[in-house]
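Given next are the chains, with one letter for each unit.
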Amino acid sequence: MSDIFTGSFRVVAAGDSALIVEFEERIDPVVNDRAIAVAEAIQGAAIAGVRDVVPTYRSVAVYFDPLRTDYDRLVAQLREQSQRPAATSGVGRPPLRIPVCYGGDFGPDLPAVAEFGQMSEAEAIQIHAGTIYRVFMVGFVPGFAYMGIVDARIAAPRHATPRVRVPPGTVGIAGVQTGIYPAQTPGGWQLIGRTPVKPFDATRPEAFLMKAGDAVEFYAIDRVEYDRLT
Amino acid sequence: MSAARVVKAGMLTTIQDRGRWGLQSRGVPVAGPMDPVSHRLANVLVGNDPDAATLEVTLLGPQLDFEDERVIAVTGAEFEILVDGKPMPMHAPFIVPAESQLRFGARLRGARAYIAIAGGIVVPATLGSRSTHLISGMGGIDGRPIRAGDRLPLGDPGCTRRSAAALAQPVVQLPEGGAVIRVLAGPQREYFSDDALNVLQSAPYAIGQNSDRMGFRLTGPRLSHSRGADIISDATPLGVLQVPASGQPILLMADRQTAGGYPKIATVITADISVAGQLCPGDTITFRVCTPGEAIAALIAQERALMAVET
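Residues numbered from 1 in each chain as written. Chains lettered and ligands numbered in written order. Predicted model: local features only at pLDDT ≥ 70, side-chain atom pairs only at ≥ 80, totals over all residues. Heavy atoms only, no water.

Engineer: Is there a simple way to explain the interface of chain A and chain B in this structure?
Structural biologist: Bring the parts together and some accessible area is lost; that lost area is often taken as the interface size. Every contact between the two is made by 41 residues of chain A and, on the other side, 39 residues of chain B. Both sides of the chain A and chain B interface together cover about 3,100 Å² of buried area, and 64% of this is carbon and sulfur. When the area that chain A buries against chain B is broken down by residue, the three leading residues are Asp16, Tyr63 and Leu67 of chain A, summing to 18%. Where chain A packs against chain B, one counts three salt bridges. Among the ionic pairs, Arg26 of chain B bridges to Glu206 of chain A, the shortest N-O distance being 3.9 Å. (Contact = heavy atoms within 4.5 Å. Buried area = accessible area lost by both parts, 1.4 Å probe. Salt bridge = Lys/Arg side-chain N within 4 Å of Asp/Glu carboxyl O.)

Written as C-alpha cells, this is what we have:
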C-alpha cells in the first residue's frame, strides 16, 4: 500500500477502508475542479465495494469495503478514471443567487469586517455581494458549503474563541472562505448577515441547496424583504 | 403496528442501523453503531437484515415493555439482562413474551450493548438511514436519544428467521480497562516528526471525560508536528487519529464530522474499530502500528467468525 505518484496526483491510504487521492496542496479553483471531476468519474463508474466518494478542496476520499475490493484494484480503476476528460462541474452554469440581509443583529461582526478593510459597512457589503464564489466543498455539518475566494480586503480571520451558538442562516467570513450556517451550531466565523434561504432541509425533495463545484452569488436585501421571504 | 415502550431510557440509548452512507460529500455524517460487529451480530441472532435498526446502550441500560411476543438478542458489552425478573443470556436469541418487561441490570464489561428485536425498530428513515446523529439532530426519534414514554415502532417479525445458533465465543473481545488497538500509518504521517509513530506506541493514552460518539479525546505522549498543525480541510475517515496543535490526538468515531483541518497521523484498522467502540472515558488505549496485510487478515478472520454464526 505504498503511495503512488503519477505526475500531478498521488494516492495515500487512510487505514484499510479508505484512500485519498491528493492533488496540489493549495486552495485553487483549477485544483478543486480536478478533484470534483475525479470524484464524479469514480461515482459514475459505480465500482463494486465503493461506499462513499467525498471531494474536498484538493483531494478525493474514496471509502470502500476491503472485503469487496482491494486497494491495488481500486487504484488501477482510479487511474483509469483520472485519464478521462473532466466531467461537468458547476463552471459555466449561471450562479445560484442567495439573498442576504447584512449587518445589524443578523451580522454582529460586519463593523469589525469593515474596520479590517478600513472601509464603510456599505463598501464591505458591496464587496461581499459583488463576487461570484465557488463551492469548494461541503462538510462540517449537513449542507455547509465552504465557498471562496473572498476578496482580500474583507478576508478577516476567524475569532480566536468561537461563539457557542450561531443561528441558522447566518452568513460568515473566515479569511478567504465564506459560508452559510445551515443549522444552529457553535461557530468561529465573522458573522455579517443572514439569509432566509435554507442550505439544508431534510424534508425537501432536494435536501441540499449546494454541491461542490457550484457557483454562488449573494445579493443584499433589507429586513422587510427578509421577513417577507422567511 | 406493535411497539416497545420505553420505561427507563438508560444513560444514552440511541437507535442505530449501519449508518447514513453515501452523503458525506454533502456534509452528512455517517453515524451508525460504535461497535459495528456487535450490532450486526445482534441482528443475525434474531434473523434480521444486518442493516436493521437496533438500540445502542451506553454504560447504563434501559427498561422496555413489549406489547407482543418478540425474539430479541443482546450483544456487545456484558450486562445482567432480565425478562420479568428472570435472567437471560447474552449473545443468544431469547423470547420476550407479550406484555412483559426487559430490564438491564449491572454492567460487567465493555461500554456499549446492542439490543436487536426481531422485525427491527422501524422509525422513519432520514436520508436513507434510521441512525441517530445527535449533533445534527437527525434519525432515530427526532434525532435524540430515546427517553421514557417513547414508543419504539417494531417491524413485522414474520419476515425474519430466528437463528438457532447461540454464540460459542464472543467475536469482539471485550476490553477491561484498556485495549491494544492496531493502526496503519497515515494519511498525513509526513506532517509529523520522524519519531512520532514510535512516540504514539510508547505508552498508553487515556480516554478523556469529554469523549463521546463523535470522538475520544486522548491524553498521553505528545506527538510533534513537523509542518504545523493545519492542513487544507479534507475527509475524516472512521478511526482516524487527528492531532491538533496540542499534540494530543483525537480518535474520530461513529458521529465524526465529514471533514477536518488537522493532520492525521494514523488510522485504526477496521477489525479493531469494534473493540475501540467498547471503551469509555477512563479507559486506556495502547496503539500498535501494523501492516496492511495484518489489517486485512484480521478483518477476514472477523468476517469468518461472523459468517459462522450466520449459517
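Engineer: Hey, could you run me through the pairing of strand E6 (residues 96-102) of chain A in this one?
Structural biologist: Two faces make up the sheet, and in a regular strand the side chains alternate between them. Residues and elements named next belong to chain A. Among the seven residues that make up E6, five are buried, leaving the element largely enclosed by the rest of the structure. As paired elements, E6 and strand E14 (residues 215-220) share five bridges and run parallel to each other. Paired with Val100 across the two strands is Ala220, which belongs to E14. Summarising the sheet, E6 and strand E13 (residues 190-194) pair through two bridges and their orientation is antiparallel. (Buried < 20%, exposed > 50% of the residue type's maximum accessible area, 1.4 Å probe, protein only. Helix = DSSP H or I, 4+ residues; strand = E, 2+ residues; numbered from the N terminus. Pairing = 2+ DSSP bridges.)

Engineer: Just checking my understanding: could you explain a nonpolar patch on the surface for this structure?
Structural biologist: Residues and elements named next belong to chain A. The grouping of Ile27, Ile149 and Val176 at the surface amounts to a nonpolar patch, some 200 Å² of accessible area in total. Mapped onto the secondary structure, Ile149 falls in the loop between strand E8 (145-148) and strand E9 (163-166). By relative accessible area, which is 38% here, Ile149 ends up partly exposed. (Patch = residues over 30% accessible without salt bridge, like charges linked within 9 Å, V, L, I, M, F, W, Y side chains within 5 Å. Areas by Shrake-Rupley, 256 points an atom, 1.4 Å probe, with all protein chains shown as cover.)

Engineer: How should the packing of helix H1 (residues 36-45) of chain B against helix H4 (residues 292-310) of chain B be read in this particular structure?
Structural biologist: The relative placement of two packed helices comes down to the angle between their axes together with the axis-to-axis distance. Residue and element names in this part refer to chain B. Their axes nearest at 10 Å, the elements H1 and H4 cross at an angle of 15°. Considering their axes alone, H1 and H4 lie roughly parallel with respect to each other. For the element pair H1 and H4, the recorded crossing hand is right-handed. In contact with Val37, Arg40, Leu41, Val44 and Leu45 of H1, H4 contributes Gln302, Glu303, Leu306, Val309 and Glu310. Looking at the contact of H1 with H4 residue by residue, the classes come out as six nonpolar, one polar and three charged. (Axes fitted to C-alpha atoms, helices over the stretch in contact; angles between N-to-C directions. Parallel < 35°, antiparallel > 145°, perpendicular 65-115°, else oblique. Left-handed = near helix turned anticlockwise from the far one by under 90°. Nonpolar A, V, L, I, M, F, W, Y, C, P; charged D, E, K, R; others polar.)

Engineer: Just checking my understanding: could you explain the pattern of salt bridges for this structure?
Structural biologist: Opposite charge on two side chains permits them to pair, given that their charged atoms come into close proximity. Scanning all chains against the criterion turns up 27 salt bridges over all chains. For Arg10 of chain A, the salt bridge goes to Glu190 of chain B, with nearest N and O atoms at 2.8 Å. Of the two residues, Arg10 of chain A sits in strand E2 (residues 9-13) while Glu190 of chain B sits in the loop between strand E10 (178-185) and helix H2 (196-202), which places them in two different chains. Close ionic contact of Asp51 of chain B with Arg18 of chain B constitutes a salt bridge, the shortest N to O distance being 3.6 Å. Of this pair, Asp51 of chain B sits in the loop between H1 and strand E3 (54-58) while Arg18 of chain B sits in the loop between strand E2 (14-16) and H1; the two residues are 33 residues apart in sequence, bridging distant segments of the chain. Take Asp51 of chain B: its relative accessible area is 30%, and that puts it in the partly exposed class. Judged by its relative accessible area of 42%, Arg18 of chain B is partly exposed. Salt bridges here are not isolated pairs; linked through shared partners, they connect Arg10, Glu22 and Arg58 of chain A together with Glu190 of chain B.

Engineer: Even after reading the chapter, I still don't get the environment of Pro182 of chain A, so can you show me in this structure?
Structural biologist: All names here are of chain A. Checked against the element boundaries, Pro182 lands in the loop between strand E11 (177-180) and strand E12 (185-187). Exposure remark for Pro182: the relative accessible area of 13% places this residue in the buried category. The contacts of Pro182, once residues within four sequence positions are left out, are Val141, Pro142, Gly143, Phe144, Pro168, Pro199 and Phe200.

Engineer: So what exactly am I meant to see when it comes to the sheet that holds strand E15 (residues 250-252) of chain B here?
Structural biologist: What holds strands together in a sheet is hydrogen bonding between their backbones, with the strands either parallel or antiparallel. Residues and elements named next belong to chain B. With respect to topology, seven strands assemble into a closed barrel ordered E10-E17-E14-E15-E12-E11-E18, the strand pairing being mixed. For this sheet, the mean inter-axis angle between neighbouring strands, taken without regard to orientation, is 40°. Note: strand E14 (residues 240-242) against E15, two bridges, orientation antiparallel. The residue bridging Leu241 from the neighbouring strand is Leu251, located in E15. In the packing of helix H3 (residues 270-277) onto the sheet, the strands contacted are E10, strand E12 (215-219), E15 and strand E17 (264-268), and the crossing angle to E10 comes to about 145°.

Engineer: Could you clarify how one ought to interpret the domain arrangement of chain B in this entry?
Structural biologist: All names here are of chain B. What the domain assignment lists for chain B is domain 1 (3-159) and domain 2 (178-310). Placing a centre on the C-alpha atoms of domain 1 and another on those of domain 2 gives a separation of 26 Å. Listed per partner, the contact involves 32 residues of domain 1 and 20 residues of domain 2. For the pair domain 1 and domain 2, the summed buried surface comes to about 2,000 Å²; carbon and sulfur atoms form 57% of the total. It is Met34, Val37 and Arg40 that lose the most area in domain 1 upon contact with domain 2, and together they represent 31% of the buried surface on that side. (Domains from an automatic or database assignment.)

Engineer: I keep staring at the side chain of His133 of chain B and nothing clicks. Help me out?
Structural biologist: All names here are of chain B. Residue placement: His133 occurs in the loop between strand E8 (100-117) and strand E9 (151-153). Reaching out from His133, the side chain makes a polar contact with the side chain of Ser136 at a distance of 2.6 Å. His133 has contacts with Arg20, Pro29, Ala31, Met138, Gly143 and Asp255, leaving out every residue within four places of it along the chain. (Polar contact = N/O pair within 3.5 Å; in protein donor to acceptor, adjacent residues only side chain to side chain.)

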